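Listed here are the chains, written in short residue letters.
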Amino acid sequence: MHETMEIAILGAGAMGSLFGGLLAEAGHDVTLLDIDEAHLEAIRRDGLRLSTDRGERVVVKLRALRPEAAQRAPELLIVFTKTMHTEAALDAARALIGPHTSVLSLQNGLGNVERLARSVPRERIMVGVTTWPADKPSAGRVSSHGSGMTRLMSADGETRVSVARTVAALNSAGLACSADPDVWITIWEKVAFNAALNSLCAITQCTVGELSNVPDGPELALKIVAEVAAVARATGVAVDETHMVANVRHALANHRSHRPSMLQDVLAGRRTEIEAINGAVVEAARAVSMAVPCTQTLLQLVRLVDASLTR
Ligand code: NAD
(Lines give C-alpha, C1' and ligand atoms only; values in the text may rest on other atoms or scores of the structure.)
Protein backbone atom coordinates (compact mmCIF):
# COMPACT_ATOMS: atom_id res chain seq x y z
CA MET A 1 0.00 0.00 0.00
CA HIS A 2 1.12 3.55 -0.68
CA GLU A 3 0.40 6.72 1.27
CA THR A 4 -2.47 8.71 -0.16
CA MET A 5 -2.48 12.44 -0.84
CA GLU A 6 -5.10 15.16 -1.14
CA ILE A 7 -4.70 16.42 -4.70
CA ALA A 8 -6.47 19.11 -6.73
CA ILE A 9 -6.11 19.40 -10.50
CA LEU A 10 -6.51 22.92 -11.86
CA GLY A 11 -7.53 22.60 -15.51
CA ALA A 12 -9.19 19.22 -15.89
CA GLY A 13 -9.25 18.87 -19.66
CA ALA A 14 -7.53 15.99 -21.45
CA MET A 15 -4.36 15.81 -19.31
CA GLY A 16 -5.87 17.01 -16.03
CA SER A 17 -8.70 14.49 -16.24
CA LEU A 18 -6.28 11.68 -17.18
CA PHE A 19 -3.94 12.41 -14.25
CA GLY A 20 -6.87 13.07 -11.90
CA GLY A 21 -8.71 9.91 -12.94
CA LEU A 22 -5.65 7.68 -12.56
CA LEU A 23 -4.72 9.25 -9.20
CA ALA A 24 -8.30 8.76 -7.92
CA GLU A 25 -8.23 5.12 -9.07
CA ALA A 26 -5.02 4.69 -7.07
CA GLY A 27 -6.87 5.82 -3.94
CA HIS A 28 -5.84 9.48 -3.71
CA ASP A 29 -8.39 12.12 -2.70
CA VAL A 30 -8.82 14.01 -5.99
CA THR A 31 -10.71 17.18 -6.88
CA LEU A 32 -10.93 18.23 -10.53
CA LEU A 33 -11.26 22.01 -11.02
CA ASP A 34 -12.38 23.43 -14.33
CA ILE A 35 -14.63 26.08 -15.88
CA ASP A 36 -16.10 23.78 -18.54
CA GLU A 37 -19.58 23.30 -17.09
CA ALA A 38 -20.55 20.52 -19.53
CA HIS A 39 -17.47 18.48 -18.54
CA LEU A 40 -17.99 19.08 -14.80
CA GLU A 41 -21.68 18.21 -15.03
CA ALA A 42 -21.02 15.00 -17.00
CA ILE A 43 -18.47 13.86 -14.38
CA ARG A 44 -20.82 14.67 -11.49
CA ARG A 45 -23.68 12.83 -13.20
CA ASP A 46 -21.95 9.77 -14.71
CA GLY A 47 -18.39 9.74 -13.31
CA LEU A 48 -15.26 10.25 -15.41
CA ARG A 49 -15.11 7.82 -18.34
CA LEU A 50 -11.50 6.78 -18.74
CA SER A 51 -10.14 4.84 -21.71
CA THR A 52 -6.52 3.67 -21.57
CA ASP A 53 -4.57 0.59 -22.67
CA ARG A 54 -5.86 -0.98 -19.42
CA GLY A 55 -9.42 -0.74 -20.75
CA GLU A 56 -12.52 1.40 -20.38
CA ARG A 57 -13.89 2.23 -16.97
CA VAL A 58 -15.73 4.89 -14.98
CA VAL A 59 -14.07 6.70 -12.09
CA VAL A 60 -16.62 7.93 -9.57
CA LYS A 61 -14.48 8.66 -6.52
CA LEU A 62 -13.55 12.23 -7.39
CA ARG A 63 -15.07 15.67 -7.05
CA ALA A 64 -15.59 18.01 -10.02
CA LEU A 65 -15.91 21.71 -9.15
CA ARG A 66 -15.33 25.22 -10.45
CA PRO A 67 -12.05 26.59 -9.03
CA GLU A 68 -13.76 29.26 -6.90
CA ALA A 69 -16.03 26.62 -5.30
CA ALA A 70 -13.16 24.63 -3.81
CA GLN A 71 -12.30 25.70 -0.28
CA ARG A 72 -9.86 23.12 1.13
CA ALA A 73 -6.16 23.61 0.39
CA PRO A 74 -4.76 20.29 -0.88
CA GLU A 75 -1.25 18.95 -0.28
CA LEU A 76 -0.65 19.01 -4.06
CA LEU A 77 -2.14 21.22 -6.76
CA ILE A 78 -1.35 20.14 -10.32
CA VAL A 79 -1.85 22.88 -12.91
CA PHE A 80 -2.98 21.51 -16.28
CA THR A 81 -4.63 24.47 -18.00
CA LYS A 82 -3.24 25.58 -21.35
CA THR A 83 -0.35 27.95 -20.56
CA MET A 84 -2.25 31.15 -21.46
CA HIS A 85 -4.92 30.34 -18.85
CA THR A 86 -2.62 29.63 -15.88
CA GLU A 87 -2.87 33.07 -14.25
CA ALA A 88 -6.66 33.37 -14.49
CA ALA A 89 -7.06 29.84 -13.14
CA LEU A 90 -4.70 30.46 -10.20
CA ASP A 91 -6.46 33.74 -9.38
CA ALA A 92 -9.76 31.89 -9.01
CA ALA A 93 -8.11 29.12 -7.00
CA ARG A 94 -6.26 31.31 -4.45
CA ALA A 95 -8.10 29.69 -1.51
CA LEU A 96 -6.51 26.38 -2.51
CA ILE A 97 -2.93 27.50 -2.05
CA GLY A 98 -2.44 26.92 1.67
CA PRO A 99 0.81 27.07 3.66
CA HIS A 100 1.46 23.37 2.98
CA THR A 101 0.34 23.21 -0.65
CA SER A 102 2.90 22.37 -3.33
CA VAL A 103 2.06 23.34 -6.90
CA LEU A 104 3.24 21.34 -9.90
CA SER A 105 3.21 22.35 -13.58
CA LEU A 106 3.65 19.68 -16.24
CA GLN A 107 2.37 22.05 -18.94
CA ASN A 108 4.25 22.35 -22.20
CA GLY A 109 6.47 25.30 -23.04
CA LEU A 110 8.64 27.69 -21.03
CA GLY A 111 7.70 30.28 -18.40
CA ASN A 112 5.49 27.99 -16.32
CA VAL A 113 7.51 28.52 -13.10
CA GLU A 114 7.38 32.31 -13.57
CA ARG A 115 3.61 32.22 -14.10
CA LEU A 116 3.09 30.12 -10.93
CA ALA A 117 5.55 32.25 -8.95
CA ARG A 118 3.14 35.21 -9.15
CA SER A 119 0.82 33.34 -6.74
CA VAL A 120 2.98 30.66 -5.09
CA PRO A 121 6.27 30.91 -3.12
CA ARG A 122 9.02 29.53 -5.35
CA GLU A 123 10.11 26.89 -2.79
CA ARG A 124 6.68 25.27 -3.13
CA ILE A 125 6.71 25.09 -6.94
CA MET A 126 7.62 21.93 -8.84
CA VAL A 127 8.13 21.81 -12.58
CA GLY A 128 8.42 18.99 -15.03
CA VAL A 129 7.46 17.38 -18.26
CA THR A 130 5.23 14.51 -19.25
CA THR A 131 5.04 12.57 -22.48
CA TRP A 132 1.76 10.83 -21.67
CA PRO A 133 -0.74 11.65 -24.43
CA ALA A 134 -4.40 12.47 -23.76
CA ASP A 135 -7.53 13.45 -25.66
CA LYS A 136 -10.92 14.58 -24.45
CA PRO A 137 -13.33 13.26 -27.12
CA SER A 138 -16.43 14.65 -25.34
CA ALA A 139 -17.60 16.01 -22.00
CA GLY A 140 -16.86 13.58 -19.17
CA ARG A 141 -14.57 11.36 -21.27
CA VAL A 142 -10.82 11.13 -21.54
CA SER A 143 -8.69 8.72 -23.50
CA SER A 144 -4.95 7.99 -23.50
CA HIS A 145 -3.31 5.23 -25.51
CA GLY A 146 0.37 4.37 -25.74
CA SER A 147 3.03 4.94 -23.14
CA GLY A 148 4.70 7.91 -21.54
CA MET A 149 6.83 9.12 -18.65
CA THR A 150 6.91 12.04 -16.26
CA ARG A 151 9.98 13.86 -14.90
CA LEU A 152 9.93 16.62 -12.31
CA MET A 153 11.96 18.57 -9.76
CA SER A 154 11.56 21.51 -7.41
CA ALA A 155 11.73 24.88 -9.17
CA ASP A 156 14.61 26.02 -6.95
CA GLY A 157 16.54 22.77 -7.47
CA GLU A 158 16.44 21.79 -3.76
CA THR A 159 15.75 18.19 -2.73
CA ARG A 160 12.40 18.23 -0.95
CA VAL A 161 10.03 15.74 0.69
CA SER A 162 7.22 17.21 -1.45
CA VAL A 163 9.04 16.09 -4.62
CA ALA A 164 9.47 12.53 -3.30
CA ARG A 165 5.80 12.37 -2.21
CA THR A 166 4.60 13.68 -5.58
CA VAL A 167 6.76 11.19 -7.48
CA ALA A 168 5.42 8.35 -5.31
CA ALA A 169 1.80 9.47 -5.88
CA LEU A 170 2.23 9.67 -9.66
CA ASN A 171 3.94 6.27 -9.70
CA SER A 172 1.11 4.75 -7.66
CA ALA A 173 -1.16 5.90 -10.53
CA GLY A 174 1.07 4.24 -13.15
CA LEU A 175 2.36 7.53 -14.55
CA ALA A 176 6.03 6.38 -14.68
CA CYS A 177 7.46 9.34 -12.78
CA SER A 178 10.92 10.14 -11.49
CA ALA A 179 12.62 13.08 -9.83
CA ASP A 180 15.16 14.45 -12.28
CA PRO A 181 17.65 17.21 -11.47
CA ASP A 182 18.23 17.56 -15.24
CA VAL A 183 14.55 18.10 -16.00
CA TRP A 184 15.28 21.39 -17.82
CA ILE A 185 17.07 19.41 -20.52
CA THR A 186 13.92 17.37 -21.15
CA ILE A 187 11.74 20.48 -20.98
CA TRP A 188 13.85 22.30 -23.60
CA GLU A 189 14.05 19.22 -25.80
CA LYS A 190 10.24 19.00 -25.82
CA VAL A 191 10.02 22.74 -26.51
CA ALA A 192 12.25 22.26 -29.57
CA PHE A 193 10.07 19.40 -30.83
CA ASN A 194 6.89 21.45 -30.36
CA ALA A 195 8.39 24.70 -31.71
CA ALA A 196 9.24 22.83 -34.91
CA LEU A 197 6.35 20.44 -35.53
CA ASN A 198 3.41 22.15 -33.78
CA SER A 199 3.96 25.54 -35.38
CA LEU A 200 4.64 24.14 -38.88
CA CYS A 201 1.54 21.94 -38.77
CA ALA A 202 -0.58 24.78 -37.35
CA ILE A 203 0.39 27.06 -40.25
CA THR A 204 0.26 24.52 -43.08
CA GLN A 205 -2.58 22.37 -41.68
CA CYS A 206 -0.39 19.37 -42.61
CA THR A 207 -0.27 16.26 -40.43
CA VAL A 208 3.22 15.48 -39.13
CA GLY A 209 3.76 13.00 -41.99
CA GLU A 210 2.61 15.46 -44.65
CA LEU A 211 5.43 17.81 -43.65
CA SER A 212 7.70 15.42 -45.58
CA ASN A 213 5.75 15.87 -48.84
CA VAL A 214 8.45 18.33 -49.90
CA PRO A 215 12.03 18.49 -48.55
CA ASP A 216 11.37 22.02 -47.25
CA GLY A 217 9.19 20.66 -44.42
CA PRO A 218 11.83 18.54 -42.64
CA GLU A 219 14.51 21.13 -43.52
CA LEU A 220 12.57 23.91 -41.80
CA ALA A 221 11.72 21.68 -38.82
CA LEU A 222 15.38 20.78 -38.30
CA LYS A 223 16.46 24.43 -38.61
CA ILE A 224 14.06 25.31 -35.79
CA VAL A 225 15.43 22.45 -33.69
CA ALA A 226 18.97 23.75 -34.24
CA GLU A 227 17.92 27.29 -33.25
CA VAL A 228 16.20 26.11 -30.05
CA ALA A 229 19.17 23.89 -29.16
CA ALA A 230 21.56 26.84 -29.56
CA VAL A 231 19.40 29.07 -27.31
CA ALA A 232 19.09 26.32 -24.68
CA ARG A 233 22.89 25.90 -24.59
CA ALA A 234 23.41 29.68 -24.45
CA THR A 235 21.15 29.81 -21.38
CA GLY A 236 23.12 27.01 -19.70
CA VAL A 237 20.92 23.98 -20.46
CA ALA A 238 23.05 21.16 -21.90
CA VAL A 239 20.58 19.73 -24.41
CA ASP A 240 21.58 16.86 -26.71
CA GLU A 241 20.98 18.12 -30.24
CA THR A 242 21.53 14.70 -31.83
CA HIS A 243 18.77 13.31 -29.63
CA MET A 244 16.48 16.25 -30.50
CA VAL A 245 17.03 15.77 -34.25
CA ALA A 246 16.42 12.03 -33.90
CA ASN A 247 13.12 12.69 -32.06
CA VAL A 248 11.87 14.97 -34.83
CA ARG A 249 13.00 12.58 -37.59
CA HIS A 250 11.28 9.71 -35.76
CA ALA A 251 8.00 11.66 -35.56
CA LEU A 252 8.20 12.68 -39.23
CA ALA A 253 8.64 9.05 -40.25
CA ASN A 254 6.37 7.30 -37.74
CA HIS A 255 3.65 9.66 -36.49
CA ARG A 256 2.49 10.37 -40.00
CA SER A 257 -1.20 10.90 -39.35
CA HIS A 258 -0.73 12.81 -36.08
CA ARG A 259 -2.27 16.29 -35.81
CA PRO A 260 -0.28 18.17 -33.13
CA SER A 261 -2.29 20.02 -30.49
CA MET A 262 -1.58 23.40 -32.05
CA LEU A 263 -3.15 22.27 -35.34
CA GLN A 264 -6.11 20.81 -33.43
CA ASP A 265 -6.52 24.17 -31.68
CA VAL A 266 -6.46 26.06 -35.01
CA LEU A 267 -8.99 23.66 -36.56
CA ALA A 268 -11.27 24.06 -33.52
CA GLY A 269 -10.98 27.87 -33.60
CA ARG A 270 -9.12 28.01 -30.24
CA ARG A 271 -6.04 30.06 -29.34
CA THR A 272 -2.76 28.13 -29.47
CA GLU A 273 0.09 27.89 -26.94
CA ILE A 274 2.50 29.55 -29.41
CA GLU A 275 3.59 32.25 -26.92
CA ALA A 276 4.85 29.67 -24.39
CA ILE A 277 6.67 27.72 -27.11
CA ASN A 278 8.09 29.70 -30.07
CA GLY A 279 7.35 32.98 -28.25
CA ALA A 280 9.34 31.99 -25.17
CA VAL A 281 12.26 30.75 -27.30
CA VAL A 282 12.38 34.09 -29.18
CA GLU A 283 12.35 35.92 -25.83
CA ALA A 284 15.13 33.72 -24.42
CA ALA A 285 17.16 34.22 -27.62
CA ARG A 286 16.77 37.99 -27.36
CA ALA A 287 18.05 37.89 -23.75
CA VAL A 288 21.31 36.28 -24.95
CA SER A 289 21.50 38.42 -28.15
CA MET A 290 20.93 35.50 -30.52
CA ALA A 291 18.91 35.43 -33.73
CA VAL A 292 16.36 32.63 -34.27
CA PRO A 293 14.88 33.63 -37.64
CA CYS A 294 12.92 30.45 -38.43
CA THR A 295 11.43 30.13 -34.92
CA GLN A 296 10.53 33.82 -35.00
CA THR A 297 8.90 33.68 -38.44
CA LEU A 298 6.77 30.71 -37.38
CA LEU A 299 5.83 32.63 -34.21
CA GLN A 300 4.71 35.59 -36.28
CA LEU A 301 2.69 33.42 -38.68
CA VAL A 302 0.94 31.52 -35.89
CA ARG A 303 0.18 34.85 -34.15
CA LEU A 304 -1.57 35.93 -37.34
CA VAL A 305 -3.60 32.72 -37.39
CA ASP A 306 -4.42 33.13 -33.66
CA ALA A 307 -5.58 36.70 -34.25
CA SER A 308 -7.86 35.65 -37.08
CA LEU A 309 -9.38 32.91 -34.87
CA THR A 310 -10.14 35.18 -31.94
CA ARG A 311 -11.32 38.22 -33.92
P1 NAD B 1 -7.16 20.94 -22.55
O2 NAD B 1 -7.57 22.14 -23.35
O3 NAD B 1 -7.76 19.62 -22.88
O4 NAD B 1 -7.43 21.22 -21.01
C5 NAD B 1 -7.25 22.46 -20.40
C6 NAD B 1 -8.41 22.67 -19.44
O7 NAD B 1 -8.20 23.88 -18.73
C8 NAD B 1 -9.78 22.79 -20.16
O9 NAD B 1 -10.66 21.81 -19.66
C10 NAD B 1 -10.23 24.20 -19.80
O11 NAD B 1 -11.64 24.31 -19.62
C12 NAD B 1 -9.48 24.42 -18.49
N13 NAD B 1 -9.39 25.84 -18.14
C14 NAD B 1 -9.22 26.93 -18.94
N15 NAD B 1 -9.24 28.06 -18.21
C16 NAD B 1 -9.43 27.66 -16.92
C17 NAD B 1 -9.57 28.37 -15.68
N18 NAD B 1 -9.50 29.71 -15.65
N19 NAD B 1 -9.74 27.65 -14.56
C20 NAD B 1 -9.81 26.30 -14.58
N21 NAD B 1 -9.71 25.58 -15.72
C22 NAD B 1 -9.51 26.26 -16.86
O23 NAD B 1 -5.57 20.89 -22.64
P24 NAD B 1 -4.63 19.61 -22.42
O25 NAD B 1 -4.44 18.91 -23.72
O26 NAD B 1 -5.09 18.85 -21.23
O27 NAD B 1 -3.24 20.33 -22.09
C28 NAD B 1 -2.95 20.91 -20.83
C29 NAD B 1 -1.46 21.24 -20.78
O30 NAD B 1 -0.71 20.01 -20.87
C31 NAD B 1 -0.97 22.11 -21.95
O32 NAD B 1 0.06 22.95 -21.53
C33 NAD B 1 -0.44 21.08 -22.95
O34 NAD B 1 0.51 21.63 -23.84
C35 NAD B 1 0.17 20.07 -22.01
N36 NAD B 1 0.29 18.69 -22.53
C37 NAD B 1 -0.74 18.13 -23.25
C38 NAD B 1 -0.59 16.81 -23.70
C39 NAD B 1 -1.72 16.10 -24.43
O40 NAD B 1 -1.49 15.02 -24.99
N41 NAD B 1 -2.95 16.60 -24.42
C42 NAD B 1 0.59 16.09 -23.42
C43 NAD B 1 1.59 16.70 -22.67
C44 NAD B 1 1.43 18.01 -22.22
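Predicted model, so just to flag it, every value in this text is computed and none were measured. Per chain, residues are indexed from 1 in the order of the written sequence. Owing to the predicted nature of the model, reporting of local features is limited to residues with pLDDT of at least 70; listing and counting of side-chain atom pairs is limited to 80 or more, with chain, interface and lining totals taken over all residues. The basis for the side-chain values is all heavy atoms of the structure; hydrogens and waters are excluded.

## Things to note about the UniProt feature "domain: Ketopantoate reductase N-terminal" (unreviewed entry) in the protein chain
Argument step 1. UniProt positions are given in the numbering used here, feature names are shortened, and annotations may be inferred rather than shown by experiment. According to UniProt, the "domain: Ketopantoate reductase N-terminal" (unreviewed entry) feature falls on residues 7–152.
Argument step 2. Working definition: helices are DSSP H or I runs of at least four residues, strands are E runs of at least two. Numbering for both runs from the N terminus. Within residues 7–152, the helical portion is 24% and the strand portion 30%, while the C-alpha atoms at the span's ends are 16 Å from each other.

## Some words on the site of the ligand
Argument step 1. Of all residues adjacent to the ligand, which total 22 residues, the nearest are Ala14, Met15, Asp34, Asn108 and Glu273.
Argument step 2. Each polar contact in these results corresponds to two N or O atoms within 3.5 Å; when the atoms are within protein, one needs to be able to donate a hydrogen and the other to accept it, and residues that are neighboring in sequence are counted only if both atoms are side-chain atoms. Measuring from an oxygen atom of the ligand, one finds a backbone N or O atom of Gly13 at 3.4 Å.
Argument step 3. At a separation of 2.6 Å, an oxygen atom of the ligand approaches a polar side-chain atom of Asp34.
Argument step 4. Areas reported here follow the Shrake-Rupley algorithm with a probe of radius 1.4 Å; residue values treat only the protein chains shown as occluding. Look at the ligand: alone it shows 830 Å² of surface, and the protein chains cover 84% of it.
Argument step 5. Polarity classes work like this: nonpolar for Ala, Val, Leu, Ile, Met, Phe, Trp, Tyr, Cys and Pro, charged for Asp, Glu, Lys and Arg, and polar for all others, with Gly in that last group. For the shell around the ligand, a count of residues per class yields 10 nonpolar, seven polar and five charged. The nearness test applies per residue and asks whether one of its heavy atoms lies within 4 Å of the molecule or strand.

## Examining helix α1 (residues 14–25)
An α-helix turns once per 3.6 residues; consequently, residues spaced three or four apart project the same way.
Argument step 1. Its 12 residues place the ends of α1 16 Å apart at the C-alpha level, agreeing with the 16 Å of an ideal helix rising 1.5 Å per residue.
Argument step 2. The classification of residues rests on relative accessible area computed with a 1.4 Å probe and restricted to protein chains. Under 20% of the type maximum is buried, over 50% is exposed, and intermediate values are partly exposed. In terms of residue burial, α1 counts as a mostly covered element, since 10 of its 12 residues are buried.
Argument step 3. Three or more residues of α1 are buried, namely Met15, Gly16, Ser17, Leu18, Phe19, Gly20, Gly21, Leu22, Leu23 and Ala24.
Argument step 4. Just downstream of α1, Gly27 is the residue with a positive phi angle, here 100°. A helix is expected to span 1.5 Å multiplied by its residue count minus one.

## Observations concerning the packing of helix α7 (residues 216–234) against helix α11 (residues 293–309)
Argument step 1. Each axis is a line fitted through C-alpha atoms, taken for helices only over the stretch in contact, and angles between the N-to-C directions span 0 to 180 degrees. Packing of α7 against α11 brings their axes to within 8 Å, and their N-to-C directions diverge by 110°. What the angle tells us is that α7 and α11 run roughly perpendicular. Only Pro293, Cys294, Thr295 and Leu298 of α11 make contact with α7, whose side of the interface consists of Leu220, Lys223, Ile224, Glu227 and Val228.
Argument step 2. Grouping the amino acids of the contact of α7 with α11 by side-chain chemistry returns six nonpolar, one polar and two charged. Our angle categories are set so that under 35 degrees counts as roughly parallel, over 145 as roughly antiparallel, 65 to 115 as roughly perpendicular, and the remainder as oblique. The contact criterion used is simple: two residues touch if any of their non-hydrogen atoms lie within 4.5 Å.

## Considerations on the pairing of strand β6 (residues 76–79)
Argument step 1. Alternating residues of β6 divide into Leu76 and Ile78 and Leu77 and Val79, and every residue in both groups is buried.
Argument step 2. Handedness of a crossover: with both strands directed away from the viewer, a clockwise path from the first strand across the helix to the second marks it as right-handed. With helix α3 (residues 86–92) bridging β6 and its parallel neighbour strand β7 (residues 102–105), the resulting β-α-β unit is right-handed.

## Side note on unusual backbone geometry
Argument step 1. Of note in this structure, Ala176 is not a glycine but carries a positive phi near 45°.
Argument step 2. Looking at the secondary structure, you find Ala176 in the loop between α5 (161–172) and β11 (177–179).
Argument step 3. What makes Ala176 partly exposed here is its relative accessible area of 36%.
Argument step 4. For Ser289, which is not glycine, the phi torsion reads 55° and is therefore positive.

## Some remarks on the nonpolar core
Argument step 1. By size, the foremost hydrophobic cluster in this structure holds 65 residues, and its most contacted members are Leu10, Leu77, Trp188, Leu197 and Val228.
Argument step 2. Taken domain by domain, the makeup of this core includes at least three residues from each of domain 1 (6–181) and domain 2 (184–309).
Argument step 3. Once residues lying within four places of it in the same chain are set aside, the contact partners of Leu77 are Ala8, Leu10, Leu33, Leu90, Leu96, Ile97, Thr101, Ser102, Val103 and Leu104.
Argument step 4. With 37 residues, the next largest nonpolar core counts Leu62, Met126, Leu152 and Ala173 among its residues. In these notes, a set of buried Ala, Val, Leu, Ile, Met, Phe, Trp, Tyr and Cys residues joined through side-chain atoms within 4.5 Å is what counts as a nonpolar core. For the domains described, the bounds stem from an automatic or database domain assignment.

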